[in-house]
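Below, each chain spelled out in residue letters.
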Amino acid sequence: MSSPLPYHLFETALGWIGLAWSERGLTRLQLPERDRPATERRLLATLPGAERGTPVERREEELPAEIAAAVALVRRYAAGETVDFSGVPVDLGNADEFRLAIYDAARNLGFGETTTYGELANRAGHTGLARETGQALGRNPVPIVVPCHRIVAAGGKIGGFSAPGGSTTKERLLELEGVRVGPPPPAQGSFGF
């Protein structure tokens, strides 16, 4: 049996976020639930390879340098700073070639840059597979680092989001990046003077 999976929970401006990792990189990023215990429960329930051993929580001072750097980036991002996650190592486990291509294409999107599911499929070399692209993104184990929130539906609609809070969370992440998707705010819907 291999060693227990390490994980870490930390507070951000968005709420409690959880990370898990392997020797190769980040394996999971859990977006906030309603509180720390709920975030921890969701993270532990979805850890890849949990059957290899009981996950062990690591304190901040025990984190490997790359994971500590990822925690700092996520905190800065949640506080509204422009952050580039492209250098954060990820371990996507047994993701198939299609998912790896989609995740790689998504990681190439810059801060505040959005694209549609169909265009992301094109960029990944899988033209015509918009629906499958959405399904792959719905299984993304490391949201924010693989920025699935930057993929929107055709026609400028927000599209789905499988993380806690659904499309409201997606919209909040996009707003952190200065992106507004959907109809204008009510005050801008008509002339107000």
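Data block above holds the structure.
Per chain, residue numbering runs from 1 following the sequence as it is written. Only residues with pLDDT of 70 or above have their local features reported here, since the model is predicted, and side-chain atom pairs are shown and tallied only from 80 upward, although totals for entire chains, interfaces and linings are computed over all residues. Calculated side-chain values reflect all of the structure's heavy atoms, with hydrogen atoms and water omitted.

A. View of the overall build of the chain. Of the regular secondary structure elements, the chain holds six helices and six strands. Scanning the chain from its N terminus toward the C terminus, one meets helices and strands in the order β-β-β-α-β-α-α-β-α-α-β-α. Looking at the chain as a whole, 44% of its 193 residues qualify as buried. Within the chain, residue pairs in contact and separated by at least 24 positions form 57% of the contacts whose partners lie at least 6 positions apart. Note that accessible areas follow from Shrake-Rupley with a 1.4 Å probe, and for residues the cover is restricted to the protein chains shown. Approximately 9900 Å² of the chain is accessible, and the part contributed by carbon and sulfur atoms is 51%. By definition, any uninterrupted DSSP run of H or I lasting at least four residues is a helix, any uninterrupted run of E lasting at least two residues is a strand, and each is numbered from the N terminus. Each residue's exposure class comes from its accessible area (1.4 Å probe, protein chains only) as a fraction of the maximum for that residue type: buried when under 20%, exposed when over 50%, partly exposed otherwise. Whether two residues touch is decided by their heavy atoms; if any such pair falls within 4.5 Å, the residues are in contact.

B. Structural detail: the side chain of glutamine 30. Tracing the backbone shows glutamine 30 in strand E3 (residues 25-30). Any N or O atom pair separated by 3.5 Å or less is treated as a polar contact, with the protein-specific requirement of one donor-capable and one acceptor-capable atom, and with residues adjacent in sequence counted only for side-chain atom pairs. Here the side chain of glutamine 30 touches arginine 28 through a polar contact of 3.1 Å, side chain to side chain. With residues near it in sequence (within four places) discarded, glutamine 30 still touches Trp16, Ile17, Gly18, Thr39, Arg42, Leu43, Thr46 and Pro164.

C. Representation of helix H6 (residues 166-176) within the structure. Buried within H6 we find Gly166, Thr169, Lys170, Leu173 and Leu174. Down the axis of H6, the buried side of the element spans an arc of 135°, and every buried residue falls inside it. In this structure, the buried residues of H6 make contact with helix H2 (65-78), helix H4 (117-123) and strand E6 (151-152). Phi for glycine 178, located one or two positions after H6, is positive at around 80°. Working definition: the arc comes from the directions between the helix axis and the C-beta atoms, pointing outward to the latter.

D. How the structure looks around the sheet that holds strand E1 (residues 6-12). Between any two strands, at least two bridges found by DSSP are needed for them to pair. Read from one edge to the other, the open sheet built from four strands follows the order E3-E2-E1-E4, with strand pairing classed as mixed. Among the strands making up the open sheet, the edge pair consists of E3 and strand E4 (56-57). With five bridges joining them, strand E2 (residues 15-22) and E3 adopt antiparallel strand pairing. Along E3, the bridge assignment pairs glycine 18 with glutamine 30. Running over the sheet, helix H1 (residues 36-46) touches E1, E2, E3 and E4 and is turned about 150° from E1. Fitting a line to C-alpha atoms yields each axis, with helices limited to the stretch in contact; the angle taken between N-to-C directions then spans 0 to 180 degrees. With respect to the sheet, H2 is in contact with E1, E2 and E3, its orientation differing from that of E1 by roughly 25°.

E. Examining the pairing of E3 more closely. In terms of residue burial, E3 counts as a mostly covered element, since six of its six residues are buried. Remark: two residues form the turn of the hairpin made by E2 and E3, two consecutive strands paired antiparallel.

F. Examining the nonpolar core more closely. Only buried residues count toward a nonpolar core, which is a set of Ala, Val, Leu, Ile, Met, Phe, Trp, Tyr and Cys residues joined through side-chain atoms within 4.5 Å. Among the nonpolar cores identified, the biggest contains 42 residues, and Leu29, Phe85, Ile102 and Leu137 are the most heavily contacted of them. Taken together, the elements giving at least two residues each to this core come down to E2, E3, H2, helix H3 (97-107), H4 and helix H5 (130-138). Residue contributions to this core peak at seven residues, all from H2. Not counting residues within four places of it along the chain, the set of residues in contact with isoleucine 102 comprises Leu120, Ala121, Ala124, Thr133, Ala136 and Leu137. Counting residues in each nonpolar core, the second largest holds six residues, with Leu5, Ala20, Leu43 and Leu47 among its members.

G. Expanded view of the packing of aromatic side chains. Working definition: rings of Phe, Tyr and Trp (its six-membered ring) pair if their centres are within 6.5 Å, and the pair is stacked with planes under 30 degrees apart, edge-to-face with planes over 60 apart, and tilted otherwise. Applying the stated rule across the entire model yields two aromatic pairs. Taken together, a centroid distance of 5.7 Å and an interplanar angle of 65° make the contact between tyrosine 77 and phenylalanine 85 edge-to-face. With a relative accessible area of 5%, phenylalanine 85 lands in the buried category. Pairing tyrosine 77 with phenylalanine 111 gives two aromatic rings, centres 6.2 Å apart and planes at 80°, and the pair type is edge-to-face. One end of the pair, tyrosine 77, is in helix H2; the other, phenylalanine 111, is in the loop between H3 and strand E5 (115-116), and 34 residues separate them in sequence. Judged by its relative accessible area of 26%, phenylalanine 111 is partly exposed. Members of the aromatic cluster, joined through ring pairs, are Tyr77, Phe85 and Phe111.

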